[in-house]
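Each chain, letter by letter, is given below.
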Amino acid sequence: MSEMEAPFTATYLSVGTLMYVLAAYKTLAWTRERIPGLLLMAGAAFAVGTGFISAAPDIYRWIGRASGISNLATLVVYSSVIICCAFFLVLVLLWSPTSAAGNGSSEAAPPARVRAALQRVMPPYAAVVVLMAALFFSADLPDGEVPLTFDTTFADRPIVFAYLLVYLAGFTVALWSMGYVSWRRSKDYKDPVVHANLLRLAVGCFVCSGYSLFKIIAVSGRALGTSALDALSTAVGPASSSLGCLIIASGWLAGAVRLRRQRRRDFRALETLWRTVTRADPGVVLTSPPTGSSWDFHALGRVGEIRDEQLALRPWTSQDVVDTAKRLGEAEGLASPEQDAVAAAAALHGALLALESGQVPRRPCEQPPGIDVPPHAERQHLVTVARHLDGPLVRRVLAEVTST
């Protein structure tokens, strides 16, 4: 490996490894929540990681020696890039501001919508890869690996020039499509973090597209007989793509970190609610807080136990408390889900007080508020209940009911 190649090897292997780690993380997340967006992110990250690692000069030469096909790594790299673009484009087409939790990961995309996006994107990009392979294998290249300089070395051959133009055209169209859709969708999100992440994805795509521009200029120069622009292909273009990929990856990682922190906060809120409602029937208390991927598992268990306790407390739950909570919540301008959460929090407090005093309410509540929340919204409802549990509005409700 020459001194000139050393920085490229280090950069490509680092970026490729980062992408593999990201692919593994998203795949693990998909095994827990079968969300199409997670699998698409994993596929895109794996493809781009394969492209960067295959482009590292030492790996590039090893692929050629192992396969017996000179410069085969170029086809591997460029096919990986096109496949990554296809995954990305499907992903951004699935994003919607109405997706669950508003985090832009395509949770709410129905199967029909996923199939439509795949049918729209995959055939043309598969055709690009097949056409690239046909042109590459018909180019009759001489023996000898030329990592970093394949494009400028062979761009004066018409078949190779056509191969490069097909690749760069597919790459450029995909990047600008993804960047435009991400930029346009970012306007639909009120969540500042999601908005920023979509803008970061758009910026990353536009920065990556500099790679295509510099490559096209350099290989066109070579086709016309000049080598003065080779550095645009061998140095400036790869630097642009590396920077763009890091910008995109930083958005993904920021979203993952935010989601992890949110889940930890949700679990702690549920734990507070759980300890409150189980005063009547302690059951089994989890003495150690969960870590890592077990947050979700334990949160699901807590949700079920909280629901059981709500039903067990039903004879002690006052309809007067529920009605007062909904009236005050409406007066405060709270949305309907928030009103239900306030009513559930006040009802739990009132039921526990009634149980401890042994005073059955005059009008028992037949159906605890929020008990009919659909499963997909159940955890968020109970987290909201927990946050209102010791809030001023619940105290007002209990004070008003007690005084009457």
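Parameters at a glance
- Every chain is numbered independently, its residues counted from 1 as its sequence is written.
- Note on the predicted model: pLDDT of at least 70 is required for a residue's local features to be given, and 80 or more for side-chain atom pairs to be given and counted; whole-chain, interface and lining totals, by contrast, use all residues.
- Hydrogens are left out, water is left out, and the side-chain values use all remaining heavy atoms of the structure.
- Starting at the N terminus, helices and strands are each numbered in turn, a helix being any DSSP run of H or I of at least four residues and a strand any DSSP run of E of at least two.
- The buried label goes to any residue with under 20% of its type's maximum accessible area, the exposed label to any with over 50%, and the partly exposed label to all in between, with areas taken from a 1.4 Å probe on protein chains only.
- Contact between two residues is taken to exist if any of their heavy atoms lie within 4.5 Å; hydrogens are not considered.
- In these tables, accessible area is a Shrake-Rupley quantity obtained with a 1.4 Å probe, and a residue counts as shielded only by the protein chains included in the view.
- A pairing counts as a salt bridge when a side-chain nitrogen of Lys or Arg comes within 4 Å of a carboxyl oxygen of Asp or Glu.
- A helix's residues, less one, multiplied by 1.5 Å, set its expected span.
- Note that bend, as reported per residue, equals the angle between axes fitted to the 7 residues terminating at that residue and the 7 residues originating from it.
- Within this scheme a cavity is a closed region of a 1 Å grid, computed over the protein atoms alone, that accommodates a 1.4 Å probe without allowing it to escape, whereas a pocket is open but has protein on both sides within 12 Å along at least five of seven lines; lining residues each have an atom within 4 Å of a point.
- Grid points are joined across faces, edges and corners, and a volume is the space filled by probe spheres set on the points.
- Residue polarity is assigned by list, with Asp, Glu, Lys and Arg as charged and Ala, Val, Leu, Ile, Met, Phe, Trp, Tyr, Cys and Pro as nonpolar; anything else, Gly included, falls into the polar class.
- UniProt positions are given in the numbering used here, feature names are shortened, and annotations may be inferred rather than shown by experiment.
- We define the nonpolar core as a collection of buried residues of types Ala, Val, Leu, Ile, Met, Phe, Trp, Tyr and Cys that are connected through side-chain atoms lying within 4.5 Å of one another.
- Put simply, two rings from Phe, Tyr or Trp (the six-membered ring, in Trp's case) pair if the centres are within 6.5 Å, and we call them stacked under 30 degrees between planes, edge-to-face over 60, tilted for the rest.
- Any two cysteine sulfur atoms lying within 2.5 Å of each other are counted as a disulfide.
- Axes, fitted as lines to C-alpha atoms, cover a helix only where it is in contact. Angles between the N-to-C directions of the axes lie from 0 to 180 degrees.
- Each angle gets one of four labels, with under 35 degrees taken as roughly parallel, over 145 as roughly antiparallel, 65 to 115 as roughly perpendicular, and the rest as oblique.
- Left-handed describes a crossing whose near helix is turned anticlockwise from the far helix by less than a right angle; the clockwise case is right-handed.

Per an unreviewed UniProt entry, the protein chain goes by DUF6545 domain-containing protein and derives from Streptomyces vastus.

### Details of the overall build of the protein chain
Looking only at helices and strands, the protein chain features 14 helices and 0 strands. Mapped from its N terminus to its C terminus, the protein chain presents α and β elements in the order α-α-α-α-α-α-α-α-α-α-α-α-α-α. Taking all 404 residues of the protein chain together, 49% fall into the buried category. Residue pairs in contact within the protein chain that sit at least 24 positions apart in sequence constitute 79% of those at least 6 positions apart. A total of about 19,100 Å² of accessible surface is found on the protein chain, and carbon and sulfur atoms cover 63% of it.

### Let's talk about the pattern of salt bridges
Counted according to the given criterion, the structure contains 8 salt bridges. A salt bridge links Lys 215 to Asp 151, with the shortest nitrogen-to-oxygen separation between them at 2.6 Å. Here Lys 215 is found in helix 8 (residues 192-223), whereas its partner Asp 151 is found in helix 6 (residues 150-154), with 64 residues between them in sequence. Taking relative accessible area as the criterion, Lys 215 reaches 5% and is therefore assigned buried. A network of salt bridges, in which partner residues are shared, links Asp 320, Asp 323, Arg 362 and Arg 363.

### Details of helix 5 (residues 111-137)
With 27 residues, helix 5 extends 37 Å from end C-alpha to end C-alpha; this agrees with the ideal 39 Å at 1.5 Å per step. Of all bends in helix 5, the biggest is about 30°, found at Met 122, and the proline Pro 123 comes one to four residues later. Those residues of helix 5 lying buried are Val 114, Ala 117, Val 121, Tyr 125, Val 128, Met 132, Leu 135 and Phe 136. Tucked inside the fold, the buried residues of helix 5 contact helix 2 (36-55), helix 4 (72-94), helix 6 and helix 7 (158-186).

### Re empty space enclosed by the protein
This structure, assessed with the given rule, holds 3 cavities of 30 Å³ or more. Taken as a whole, the largest cavity spans an internal volume of roughly 530 Å³. If you trace the largest cavity, you find 37 residues lining it, with Val 77, Val 81, Tyr 167, Tyr 211 and Ser 241 closest to the centre. Of the residues belonging to the lining of the largest cavity, the class tally is 29 nonpolar, 6 polar and 2 charged.

### Concerning the UniProt feature "transmembrane region" (unreviewed entry) in the protein chain
According to UniProt, the "transmembrane region" (unreviewed entry) feature falls on residues 6-25, 37-56, 76-96, 117-139, 159-177, 198-219 and 239-259. The span residues 37-56 is 95% helix and 0% strand, and its two end C-alpha atoms sit 29 Å from each other. Annotated as 91% helix and 0% strand, the span residues 117-139 places its first and last C-alpha atoms 34 Å apart.

### Details of the nonpolar core
Among the nonpolar cores identified, the biggest contains 68 residues, and Tyr 78, Met 132, Phe 150, Tyr 163, Tyr 167, Phe 171 and Met 178 are the most heavily contacted of them. For this core, the element with the highest residue contribution is helix 4, accounting for 17 residues. With near-sequence residues (within four places) excluded, Met 178 lies in contact with Cys 85, Phe 88, Leu 89, Val 92 and Cys 205. The next biggest cluster of nonpolar side chains, apart from the first, holds 33 residues, and it includes Leu 273, Val 342, Val 385 and Leu 393.

### So, the environment of Trp 316
Tracing the backbone through its elements, the reader meets Trp 316 in the loop between helix 10 (294-312) and helix 11 (319-331). Sequence-wise, Trp 316 and Gly 350 are 34 residues apart; in three dimensions their C-alpha atoms are separated by 7.8 Å. Excluding residues that lie within four positions of it along the chain, Trp 316 makes contacts with Gly 350, Ala 351, Ala 354, Leu 355, Gly 358, Gln 359, Val 360 and Pro 361.

### What about the packing of aromatic side chains?
Under the definition given, this model contains 14 aromatic pairs. Look at Phe 136 and Phe 137: their rings are 5.3 Å apart centre to centre, the planes differ by 85°, and that puts the pair in the edge-to-face class.

### What to know about the state of the cysteines
All chains considered together, the criterion is met by 0 disulfides. With no disulfide of its own, Cys 84 lies closest to Cys 85 among cysteine sulfurs, the gap being 5.4 Å.

### With respect to the packing of helix 12 (residues 336-357) against helix 14 (residues 392-403)
It is the contact of helix 12 with helix 14, at a shortest axis distance of 9 Å, that shows an interaxial angle of 50°. It follows that helix 12 is oblique to helix 14 by the angle criterion. In this structure, the crossing between helix 12 and helix 14 has a hand that is right-handed. Note on element contacts: helix 14 touches helix 12 through Leu 393, Val 394, Val 397 and Leu 398, opposite Val 342, Ala 345, Ala 346, His 349, Gly 350 and Leu 353. When the residues that make up the contact of helix 12 with helix 14 are grouped by side-chain class, the tally is 8 nonpolar, 2 polar and no charged.

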